[in-house]
Every structure is written in C-alpha cells, then in structure tokens.
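Survey of secondary and tertiary structure
Below are the chains, spelled out letter by letter.
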Amino acid sequence: MRNYDRVSNWLKVAGKEPSAETFSVQSGVMMEEMAEFFETVHFTDKSDGNVALQIVADALHKIGNELKKNGRQLGIKDRVACLDALCDIDVTLNGVAFLAGFDKNGADDDVLNSNDSKFEDGKAVILPGGKIGKGKNYVEPDLTKFV
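All figures in this text were calculated on a predicted structure; none of them were measured in a lab. Numbering of residues starts from 1 in every chain and runs along the sequence as written. Totals for whole chains, interfaces and linings use every residue, but because this is a predicted model, local features are given only for residues with pLDDT of at least 70 and side-chain atom pairs only at 80 or more, for both listing and counting. Each side-chain value is worked out from all heavy atoms of the structure, with water and hydrogens disregarded.

**A closer look at the packing of helix α1 (residues 3-13) against helix α5 (residues 104-116)**
Between N-to-C directions, angles span 0 to 180 degrees; the directions come from axes that are lines fitted to C-alpha atoms, helices contributing only their stretch in contact. Helix and strand assignments come from DSSP, with helices taken as H or I runs of at least 4 residues and strands as E runs of at least 2, each series counted from the N terminus. Running from amino to carboxyl end, α1 crosses α5 at an angle of 10°, the nearest separation of the two axes being 11 Å. Here α5 runs roughly parallel to α1, going by the angle between their axes. Residues Asn3, Arg6, Val7 and Trp10 of α1 form the contact with α5, whose own contacting residues are Asp108, Asp109, Leu112, Asn113, Asn115 and Asp116. These descriptions rest on fixed angle ranges, namely under 35 degrees for roughly parallel, over 145 for roughly antiparallel, 65 to 115 for roughly perpendicular, and the rest for oblique. In what follows, a contact means two residues having at least one pair of non-hydrogen atoms within 4.5 Å.

Below you can see the structure in the form of structure tokens.
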C-alpha cells in the first residue's frame, strides 16, 4: 500500500474527513514537522545562515501552534497550485532522504506502524484543537536502523 493511502486510511479511522478545520490542523502538524527538520540541520561553514534556519523553525512552530491549538484556519487560494506544491514537497523530501543516505521506505513503515499504536481500543485520542494524540499503548518509532 502506498504511503498516501495508508495515511489517508489512518486519518479516516481516526474520524478525520476533509474540511477547512481538519486541513488547517494537519497543515499545522506539517509545519511543526518542517520546523523540527530545520532544527536538525545547520550550515557547516558556521555562517549566519544558522540564525536564519532558527528563525524559520521558530516561525513554523508559531504558525503550527496557531493552527493546531488556537483554532486558526487556512484557506486554499489555488487548489491546483496547492496540490502541485504538496507533490513537489513529497518528491523533494524523498530526494533529500535519498541524498542523506536514509532508508526512507523503511522509516516510513516504522513511523506509520508507530502511528497505529496511538489508537486506544481502535479509536484515536483527539487532543484539544483536533490533533491526534498518543494513546497509552504508543510505541515510538526506532529510526536508528534506517540512517
């Protein structure tokens, strides 16, 4: 099963359906993950670019929190351009993973299996604001074998 299919099925089981609210919360989650990426990399020449990376990470965390916790919503100005950007993000992030020498397919499976463990009694734990939380049986993914 393709990653997109597995994720969309997981979201449906969690009770999530397309809407402005769920789109906004998921966009906030995506921004949070992007911020975490920017916090894991640095310019090797110790340039002031590292300050810019932290500014980007901080801004993404702030926007993500507005969407996840404060109920702010995003609208889509151009649906075709939005889908194009999402596809380009997916392709380029897989390229980054490849060029970093990561086993992205293996890591994806481990993360998706971990996400399955967030459910309690077959139901999602929904946090205030709508984000899916970690249930009592949550098992964190072990990505060490994929780097």
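Having seen it, we continue.
**With respect to a nonpolar patch on the surface**
For patches, a residue must show more than 30% relative accessible area and have no salt bridge; joins then use 9 Å for like charges and 5 Å for nonpolar side chains, namely Val, Leu, Ile, Met, Phe, Trp and Tyr. For accessible areas, the Shrake-Rupley method is used with a probe of radius 1.4 Å. Any residue's cover is judged against the shown protein chains and nothing else. By definition here, a salt bridge exists when the distance from a side-chain nitrogen of Lys or Arg to a carboxyl oxygen of Asp or Glu is within 4 Å. A cluster of nonpolar side chains, namely Met30, Met34, Leu83, Leu86, Ile89 and Leu93, defines an oily patch on the protein surface of about 460 Å² accessible area. With four residues, the single largest contributor to the nonpolar patch is helix α4 (residues 79-99). Examined against the element boundaries, isoleucine 89 turns out to sit in helix α4.

**A closer look at helix α3 (residues 49-68)**
Along an α-helix, residues three or four apart share an orientation, since each turn contains 3.6 residues. The length a helix should cover is 1.5 Å for every residue beyond the first. Helix length check: α3 (20 residues) gives 28 Å between terminal C-alpha atoms against 28 Å at 1.5 Å per residue, within 8%. Working definition: with a 1.4 Å probe on protein chains only, accessible area under 20% of the residue-type maximum means buried, over 50% means exposed, and in between means partly exposed. Restricting attention to buried positions, one finds in α3 the residues Gly49, Leu53, Ala57, Leu60, Gly64, Leu67 and Lys68. Across the axial projection of α3, the buried residues extend over an arc of 90°, all falling on one side. Among the exposed residues of α3, those pointing more than 90 degrees away from its buried face are Val51, Ile55 and Lys62. Arc definition: it is the arc formed by the directions from the helix axis to the C-beta atoms.

**Digging into a negative patch on the surface**
For this count, His and the chain ends are skipped, Lys and Arg are scored as positive, and Asp and Glu as negative. For charged residues, the charge sits on one atom: NZ in Lys, CZ in Arg, CG in Asp, CD in Glu. A grouping of Glu33, Glu36, Glu39 and Asp58 is seen on the molecular surface, where their side chains present a negatively charged patch. In terms of residues, the negative patch owes the most to one element, helix α2 (residues 20-40), which gives three residues.

**What to know about the side chain of serine 24**
As for its placement among the helices and strands, serine 24 is situated in helix α2. For serine 24, a relative accessible area of 1% translates into the label buried. Filtering out sequence-adjacent residues up to four positions away, serine 24 remains in contact with Leu67, Arg72, Gln73 and Leu74.

**Describing the confidence of the model for the protein chain**
Taken over all residues, the pLDDT of the protein chain has a mean of 94, while the share at 70 or more is 100%. Taken element by element, the predicted model of the protein chain shows its lowest mean pLDDT in α1 (94) and its highest in α4 (97). As a per-residue measure, pLDDT tells how confident the predictor is, with possible values from 0 to 100.

**A word on the pattern of salt bridges**
Summed over the entire model, instances satisfying the criterion amount to six salt bridges. Note that aspartate 109 and arginine 6 form a salt bridge whose closest N and O atoms lie 4.0 Å from each other. With aspartate 109 in helix α5 and arginine 6 in helix α1, this pair connects stretches of sequence that are 103 residues apart. For aspartate 109, a relative accessible area of 41% translates into the label partly exposed. Salt-bridge contacts for lysine 104 lead to aspartate 108; the nearest nitrogen and oxygen are separated by 3.0 Å. Of this pair, lysine 104 and aspartate 108 both sit in helix α5, four residues apart, which is roughly one turn of the helix. Under the relative-accessibility criterion, lysine 104 is labelled partly exposed at 23%. According to the relative accessible area criterion, aspartate 108 is buried, its value standing at 18%.

**Looking at the packing of α2 against α3**
A packed helix pair is summarised by two numbers, namely the angle formed by the two axes and the spacing between the axes. Where α2 contacts α3, the axes come no closer than 8 Å and their chain directions differ by 160°. Here α3 runs roughly antiparallel to α2, going by the angle between their axes. Every pair of crossing elements has a handedness; the one defined by α2 and α3 is left-handed. Contacts between α2 and α3 involve Ser24, Val25, Ser27, Gly28, Val29, Met31, Glu32, Met34, Ala35, Phe38 and Glu39 from the first element and Leu53, Gln54, Val56, Ala57, Leu60, His61, Ile63, Gly64, Leu67 and Lys68 from the second. Charged means Asp, Glu, Lys or Arg here, nonpolar means Ala, Val, Leu, Ile, Met, Phe, Trp, Tyr, Cys or Pro, and polar covers whatever is left, Gly included. Partitioning the contact of α2 with α3 into residue classes produces 12 nonpolar, six polar and three charged. For a crossing to be left-handed, the near helix must be turned anticlockwise from the far one by less than a right angle; the clockwise case is right-handed.

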